[in-house]
Protein chains: 2
Amino acid sequence: MRSILLLASAALVAAAPPPAKPKTPSEIVAAAPRSAWKPVHPDNVLVIELKNGGKVTIQLAPEFAPVHVANIRALARGNWWDGATVYRVQDNYVAQWGNNESERPFPAGVVAKPPAEYHRPLKGLPVRPLGYRDPYAPQVGHAYGWPIGYDSTAGIANLAHCYGTVGVGRDLAPDTGTGGELYAVIGHSPRHLDRNIAVVGRVIEGIEHLSSLPRGTEALGFYKDKAQYAPIARVTLAAQPGTAQAAEFEYLDTSSPSFAEYVRARANRKDDFFIRPAGGVDLCNAPVPVRRIARN
Amino acid sequence: MRSILLLASAALVAAAPPPAKPKTPSEIVAAAPRSAWKPVHPDNVLVIELKNGGKVTIQLAPEFAPVHVANIRALARGNWWDGATVYRVQDNYVAQWGNNESERPFPAGVVAKPPAEYHRPLKGLPVRPLGYRDPYAPQVGHAYGWPIGYDSTAGIANLAHCYGTVGVGRDLAPDTGTGGELYAVIGHSPRHLDRNIAVVGRVIEGIEHLSSLPRGTEALGFYKDKAQYAPIARVTLAAQPGTAQAAEFEYLDTSSPSFAEYVRARANRKDDFFIRPAGGVDLCNAPVPVRRIARN
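Cut-off values and rules
Residues numbered from 1 in each chain as written. Chains lettered and ligands numbered in written order. Predicted model: local features only at pLDDT ≥ 70, side-chain atom pairs only at ≥ 80, totals over all residues. Heavy atoms only, no water. Disulfide = S-S within 2.5 Å. Helix = DSSP H or I, 4+ residues; strand = E, 2+ residues; numbered from the N terminus. Buried < 20%, exposed > 50% of the residue type's maximum accessible area, 1.4 Å probe, protein only. Polar contact = N/O pair within 3.5 Å; in protein donor to acceptor, adjacent residues only side chain to side chain. Contact = heavy atoms within 4.5 Å. Buried area = accessible area lost by both parts, 1.4 Å probe. Salt bridge = Lys/Arg side-chain N within 4 Å of Asp/Glu carboxyl O. Nonpolar A, V, L, I, M, F, W, Y, C, P; charged D, E, K, R; others polar. Least-squares fit on C-alpha atoms with pLDDT ≥ 70 in both. Expected span 1.5 Å × (residues − 1).

*Asks:* I would appreciate a short explanation of the state of the cysteines in the present structure.
*Replies:* Working definition: the covalent bond between the sulfur atoms of two cysteines is a disulfide. All names here are of chain A. What the rule picks out here adds up to two disulfides over all chains. Through a disulfide, Cys-162 is tied to Cys-284; the S-S separation comes to 2.1 Å. Here the disulfide of Cys-162 and Cys-284 is left-handed, its torsion about the S-S bond being about -70 degrees. Here Cys-162, found in the loop between β10 (156-159) and β11 (165-168), pairs with Cys-284, found in the loop between α4 (257-267) and β16 (290-292); they are 122 residues apart in sequence, far enough to count as distant. Classification of Cys-162 as buried rests on a relative accessible area of 7%. Accessibility expressed as a relative area gives 8% for Cys-284, which makes it buried.

*Asks:* Any chance you could explain the environment of Arg-266 of chain A here in plain terms?
*Replies:* Residue and element names in this part refer to chain A. Along the chain, Arg-266 falls in helix α4. Taking C-alpha positions, Arg-266 is 6.4 Å from Ala-286, a pair spaced 20 residues apart along the chain. Within the structure, the side chain of Arg-266 is placed 2.9 Å from the backbone oxygen of Asn-285, a separation counted as a polar contact.

*Asks:* Help me understand the interface of chain B and chain A, please; the structure alone is not making it clear to me.
*Replies:* How large an interface is tends to be reported as the accessible area lost when its parts come together. Contact residues are listed per partner, giving 75 residues for chain B and 75 residues for chain A. With both chains or domains summed, chain B and chain A bury close to 6,600 Å², and 55% of this area falls on carbon and sulfur atoms. For the pair chain B and chain A, the number of links is zero salt bridges. The tally of links between chain B and chain A comes to 29 residue pairs in polar contact (both at pLDDT 80 or more). Its residues assigned to classes, the side of chain B that touches chain A comprises 38 nonpolar, 21 polar and 16 charged.

*Asks:* Just to check I follow, could you spell out the relation of the copies chain B and chain A for this structure?
*Replies:* Each of the two copies of the chain can be brought onto the other by a rotation about an axis and a shift along it. For the pair chain B and chain A, the relating rotation is 180 degrees, the translation along its axis is 0.0 Å, and the fit reaches an RMSD of 0.0 Å. In symmetry terms, the pair is related by a two-fold rotation axis. A shared binding surface is used by both copies, with 100% of the interface residues of chain B retained as interface residues in chain A.

*Asks:* What is the right way to read helix α2 (residues 66-77) of chain B from this model?
*Replies:* In an α-helix there are 3.6 residues to a turn, and that puts residues three or four apart on one side. Residues and elements named next belong to chain B. If you check α2, its first and last C-alpha atoms are 16 Å apart, about what twelve residues at 1.5 Å a residue would give, namely 16 Å. Along α2, the residues that are buried comprise His-68, Val-69, Asn-71, Ile-72, Ala-74, Leu-75 and Ala-76. Summarising the contacts, the buried residues of α2 are in contact with β2 (45-50), β3 (55-60), β11 (165-168), β12 (182-185), β13 (199-205) and β14 (230-237). Taken from the residues just after α2, Asn-79 is the one with a positive phi, measuring 55 degrees.

Structure (structure tokens):
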């Protein structure tokens, strides 16, 4: 028989341990009380239906990029992405999709030149410091369920580029992009993009439909010809009537004791597999647990 | 026309700048003198030919895991991977391949129970400190072209798990795995595996043939049934006669001034796209440049 190689997983795979052992990250998440979970509002859930049948669900972050998120909602409600495609997949970097902005007029309410929502005031954010070193920002932690870099001296905070992060494609500054062209991170976290681009959310389900697409062979991972594009059937908000099988989601409150316990366990892995816990964890390697709300 | 979204890339895309501008990382690599490049010995190049036509090339790291690397060479020379498959692809984690160890006898020379080559003495390594903070190791840097964590007090160093890192699948400790089952990282760097597993190398070409495979739907990303496995045609060393189109490779010497300049540029991106250079870079986001040796 093939040995089952117990590489401890970034996914949350539950397993029942003997009682004396320290809890694994997934056990901590499973044991978190109802009060530790916060619902995701359906206005913040964007559903991309791919023509091949795959579905990618994104949680939007209006707390950090309100104008871009409002644009994205208006584009969804206006069916602007009809006929859109995934036209760029660059290995260890991003998958990017959108429509032809110069040929397709925007629906009413779309701001053509949004402000540079690359960071926001730190004030007002319920920050939980991560507690471990980071090479990119003076401080890192979580707020409202999002991974952030921040600078208490400057009084600003930004969403961090982690695996699954969704950002707004743009041309050279001072262009900030409208939100019509979006990308999702499908590789090692490109944190050098932090504070250089508007981050609008993260993929919470179905990223494998983007990350397993064939890589584009042109510079920057663009597909060589249109026959390679992955067509998108439609993009809607979960709040819109008729959105296909819209699930409801909740995330683990990053200010909760359960989340603090989860981060500590991610930094000090004591599952049977591990011999030497690291004693630290990087911001993007403690992904905020998000799950479907179970309905009875 | 669709705007070309100039997300600066992790890949090395060359572009000619006006003379006054600071060099980009790719320009620094392109300008590195011949003396800054070190050849990869063909005994350290493992070529995996997938039945679908894709080819994955791995550079082995005998400096860090000599017994496991010797096993891998013996397995390749003994055609032990004939009939092997990629049987596990877990999103944002690893692609894993191998053969059935319990049914297939090892060729002569394979050590059935290798030592725990999870770290090595720091002494003897020409270390270049990265110069930026890391949450996982007391110090990080590069040696012999490899990203490492190290601890000067304890006098030990280990290969780091970055995108493309290849390690040895194993069961629970004290098992260390033989090298017959290998994985490559296809997501955010799982640095918590550092010093818990034998790292034997990295993918230097063709990782897209692993990273774009469909994800397995069973726990830990195992494929549900054998029909989903990605079959491997053969696995050979570039040094073996008859290895298909074996290319020759070279890496940028991590002790060279060019590499130091490259790391500084990765930490302080000043391409036209960037507004705010981070002033830091993480170990896995300054990948060591490796390229085919151009022959005239």
